[in-house]
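# Summary of the model geometry
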Amino acid sequence: MSPGRQGHCTFIADLIISAKVCSVVVLSLLPAVLQRTPIGASAFRLTERVIRPFHRSRSRQGAGRLSLYPDHLSRTALELTPVEPAVMADDMCVTEKGKEMVLCFCTGNANKLREVSFILGKTVTLTSADVDLPELQGDPADISVGKCRLAFNQLKQPVIVEDTSLCFNALGGLPGPYVKWFLKKLGHKDLPKLLAGFDDKSAYALCMFSYMDDTLEKPLLFEGRTNGVIVDARGDPNFGWDPIFQPHGFDQTYAEMTKELKNTISHRYRALEKLKTYLVQHKEEFLTAHAAKKVKSGE
Ligand SMILES: O=c1[nH]c(=O)c2ncn([C@@H]3O[C@H](COP(=O)(O)OP(=O)(O)OP(=O)(O)O)[C@@H](O)[C@H]3O)c2[nH]1
Ligand SMILES: [Mg+2]
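This is a predicted model, so every value here is computed, not measured.

Looking only at helices and strands, one finds eight helices and nine strands in the chain. Burial status across the chain gives 38% buried among its 299 residues. A separation of at least 24 residues holds for 60% of the contacts in the chain among residues at least 6 apart in sequence. For the chain, the accessible surface area stands at approximately 17,100 Å², while carbon and sulfur atoms represent 58% of it.

The subject of this paragraph is the coordination of the magnesium ion (ligand 2). Protein-derived ligands of the magnesium ion (ligand 2) are E135 (OE) and E135 (OE), with the metal-ligand distances lying across 2.1 to 2.7 Å. Residue placement: E135 occurs in the loop between strand 4 (125-129) and helix 4 (140-155).

Moving on: the layout of surface pockets. Taken as a whole, the second largest pocket spans an internal volume of roughly 630 Å³. In terms of lining residues, the second largest pocket is bounded by 28 residues, among which N109, K112, E135, K147 and K180 are the most central. The set of elements that each furnish at least two residues to the lining of the second largest pocket consists of helix 3 (110-120), strand 5 (159-168), helix 5 (179-186) and helix 7 (267-281). It is helix 5 that provides the largest number of residues to the lining of the second largest pocket, a total of four residues. Across the lining of the second largest pocket, the residue classes break down as nine nonpolar, seven polar and twelve charged.

Taken across its ten residues, strand 5 has ten buried, putting it largely inside the fold. The two faces of strand 5 match: V159, V161, D163, S165 and C167 on one face and I160, E162, T164, L166 and F168 on the other face are all buried. Pairing analysis gives two bridges linking strand 3 (residues 102-106) to strand 5, with the strands arranged parallel. Its bridge partner being in strand 5, C104 is matched across the sheet by V159. For strand 5 and strand 7 (residues 202-212), the ladder comprises ten bridges, and the chain directions are antiparallel. Residue pairing for strand 7: V161 is matched across the bridge by S210. Where strand 5 meets strand 6 (residues 175-176), two bridges bridge the pair, whose relative direction is antiparallel. Opposite C167, over in strand 6, you have P175 as the bridge partner. Between strand 5 and strand 6, which pair antiparallel and follow one another directly, the connecting turn spans six residues, one of which, G172, has a positive phi of 65 degrees.

Definitions and cut-offs
Residues numbered from 1 in each chain as written. Chains lettered and ligands numbered in written order. Predicted model: local features only at pLDDT ≥ 70, side-chain atom pairs only at ≥ 80, totals over all residues. Heavy atoms only, no water. Helix = DSSP H or I, 4+ residues; strand = E, 2+ residues; numbered from the N terminus. Buried < 20%, exposed > 50% of the residue type's maximum accessible area, 1.4 Å probe, protein only. Contact = heavy atoms within 4.5 Å. Areas by Shrake-Rupley, 256 points an atom, 1.4 Å probe, with all protein chains shown as cover. Donors = N, O, S within 2.8 Å, 3.2 Å for Na, K, Ca; no water. 1 Å grid on protein atoms, 1.4 Å probe; cavity = no way out; pocket = protein on both sides within 12 Å on 5 of 7 lines; lining within 4 Å. Points joined across faces, edges and corners; volume = space filled by probe spheres on them. Nonpolar A, V, L, I, M, F, W, Y, C, P; charged D, E, K, R; others polar. Pairing = 2+ DSSP bridges.

Printed below as a string of structure tokens:
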């Protein structure tokens, strides 16, 4: 080949390589650029929605985790996570394979989840989902039932939710269901100061569990209450107002107790005992409804 022709070929080969490099760069940048345009963003969301359910059914068989897209409350993917039962004394239900009652506890609160798992033990197979539910206002019972409806509408499977109140008798039951905001603004150490002008330091912790499944028309409510007094903070500060609540009959605050002791006298324990009794009594209905649903959905 003449040197002139060889030069031409090298030039053409360089051109081809440059074109390839350019196309790789353009193609890798294209999704990011497209996602910034309104039409591109919609197209990506649509693709995600088509691909995600496929991924969901696969991951369900595989890792036992389920991702859902909550349709109106949160844009982030929701993880339904199996919860290891922190084994508790009584196993009211023997968990036979394929005959478990699978319940999802919707909560964003890891401490609640730990206690609920501990108290329920092996009565149910518990999963959890951190659904971004709104903090509703009103009566504790209505808040809990409202939360449960929202959670059930999203997850479409048996769910429990709870709402917890700390009620000061001298304040007519306040902060009640709003204790979360008082805690956030004041911190647990300053909460007792709300009672500074009152002799009556009595209070009660109230837990409202709601349960919903396909066999029910509306959520069922299970209430647990533990009476006590508000004291200056003592003990492990890891869970909300535990250090300032001293239940009647004890000289320790919740925060000073072992978890075994708290979980056998607490407001949460008392509510869950009622839920457990309900579940044990309705186990057959639960399993029949669940099996029928599986057949219908072709699982
Ligand atoms: O010392 C505590 N011992 C308890 O036994 C306990 N149970 C609940 N709390 C706190 O009281 C507020 C309730 O609000 P809450 O029921 O809306 O809970 P939450 O928003 O944290 O979770 P959830 O609504 O996602 O389930 C939140 O600040 C909780 O941390 C507790 N504090
Ligand atoms: Mg809440």
